[in-house]
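Architecture at a glance
For reference, the chains in residue letters:
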Amino acid sequence: MPWTMNDYPASLKNFKPVIRKKAIDIANAMLDEGYDEGRAIPIATDQAKEWYDNASKKEIDEYKEEGDPQSRSEEDEQYDKRPELMDEGEHVVAHENGWAVQAKDAKKPSKVFDKKSDAVERAKEIAENKGTEAVIHKKNGDVEKRHSFS
């Protein structure tokens, strides 16, 4: 899965945004070339830090102005409109069209899946990237399981 500035590996969360963005660009390119995520992330991180240390202020400023490494989804825009949701866990709940993934207290789901297993997988990805938790609910609304990524 390609990463964006709103959905990236947890190991990048403490970097300056411009370094994170560069690391995401490099890691996504490496994934396209067939690298495993486990190798791409540390290599991209090292290269992004090296680029930042050697780039001129002008280069850094121009790079900051470029768009997000991947196109943005409605899911990403939800967090732009309500940034407080970035600190909330992701919940998998029964939905009239299947199983929904949504941040706690979100007004609507970020995505609805036909299969619960697909919803659980996506909720875990998002929660891991946000450093929160994925809370899986039963059809009746009771909590079935929690996966913590904090």
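Now for a look at the structure at hand. Predicted model, so just to flag it, every value in this text is computed and none were measured. (Residues numbered from 1 in each chain as written. Predicted model: local features only at pLDDT ≥ 70, side-chain atom pairs only at ≥ 80, totals over all residues. Heavy atoms only, no water.)

**Brief notes about the nonpolar core**
Among the nonpolar cores identified, the biggest contains 19 residues, and Trp3, Val18, Ile24 and Trp51 are the most heavily contacted of them. Those elements that place two or more of their residues in this core are helix H1 (17-32), helix H2 (37-54) and helix H3 (57-65). Broken down by element, the residue count for this core peaks at seven residues, all from H1. Judged by nonpolar contacts, the second largest core, of eleven residues, contains Trp99, Val101, Val120 and Ile126. (Core = buried A, V, L, I, M, F, W, Y, C linked by side-chain atoms within 4.5 Å. Buried < 20%, exposed > 50% of the residue type's maximum accessible area, 1.4 Å probe, protein only. Helix = DSSP H or I, 4+ residues; strand = E, 2+ residues; numbered from the N terminus.)

**Describing the pairing of strand S5 (residues 143-148)**
In the sheet, strand S4 (residues 133-137) pairs with S5 via five bridges, with the strands oriented antiparallel. Pairing of glutamate 133 across the sheet is with serine 148, part of S5. Counted along the chain from S4 to the antiparallel partner S5, the turn is five residues long, and its residue glycine 141 has a positive phi close to 100 degrees. (Pairing = 2+ DSSP bridges.)

**Digging into helix H5 (residues 116-130)**
Along its 15 residues, H5 runs 21 Å from first to last C-alpha, staying within 8% of the 21 Å computed at 1.5 Å per residue. Those residues of H5 that sit buried are Ala119, Val120, Arg122, Ala123, Ile126, Ala127, Asn129 and Lys130. Taken from the residues just after H5, glycine 131 is the one with a positive phi, measuring 70 degrees. (Expected span 1.5 Å × (residues − 1).)

**Quick look at the environment of serine 117**
Along the polypeptide, serine 117 turns up in helix H5. On the basis of relative accessible area, serine 117 is assigned to the partly exposed category, the value being 48%. When the C-alpha atoms of serine 117 and valine 92 are compared, they prove to be 9.7 Å apart, with 25 residues separating the residues in sequence.

**Quick word on the sheet that holds strand S3 (residues 111-113)**
Sheet architecture is open: five strands sit in the order S3-S2-S1-S4-S5, paired in mixed fashion. Pairing within the sheet leaves two strands with one partner each, and these edge strands are S3 and S5. Between one strand and the next, the sheet's axes are offset by a mean angle of 25 degrees, whatever the strand orientation. For strand S2 (residues 98-103) and S3, the ladder comprises three bridges, and the chain directions are antiparallel. When the sheet's bridge partners are listed, alanine 100 is paired in S3 with valine 112. Of the strands in this sheet, strand S1 (90-95), S2, S3, S4 and S5 are in contact with H5, which crosses S1 at around 160 degrees. (Axes fitted to C-alpha atoms, helices over the stretch in contact; angles between N-to-C directions. Contact = heavy atoms within 4.5 Å.)

**Overview of the packing of H1 against H3**
Running from N to C, H1 and H3 cross one another at 70 degrees; their axes reach a closest spacing of 10 Å. Between H1 and H3, the interaxial angle falls into the category roughly perpendicular. Like other packed secondary-structure pairs, H1 and H3 cross with a definite hand, here left-handed. Each of Val18, Lys21, Lys22 and Asp25 in H1 lies in contact with H3, whose residues at this interface are Ile60, Tyr63 and Lys64. Residues of the contact of H1 with H3, tallied by class, amount to three nonpolar, no polar and four charged. (Parallel < 35°, antiparallel > 145°, perpendicular 65-115°, else oblique. Left-handed = near helix turned anticlockwise from the far one by under 90°. Nonpolar A, V, L, I, M, F, W, Y, C, P; charged D, E, K, R; others polar.)

Coordinates in, geometry out; function isn't part of it.
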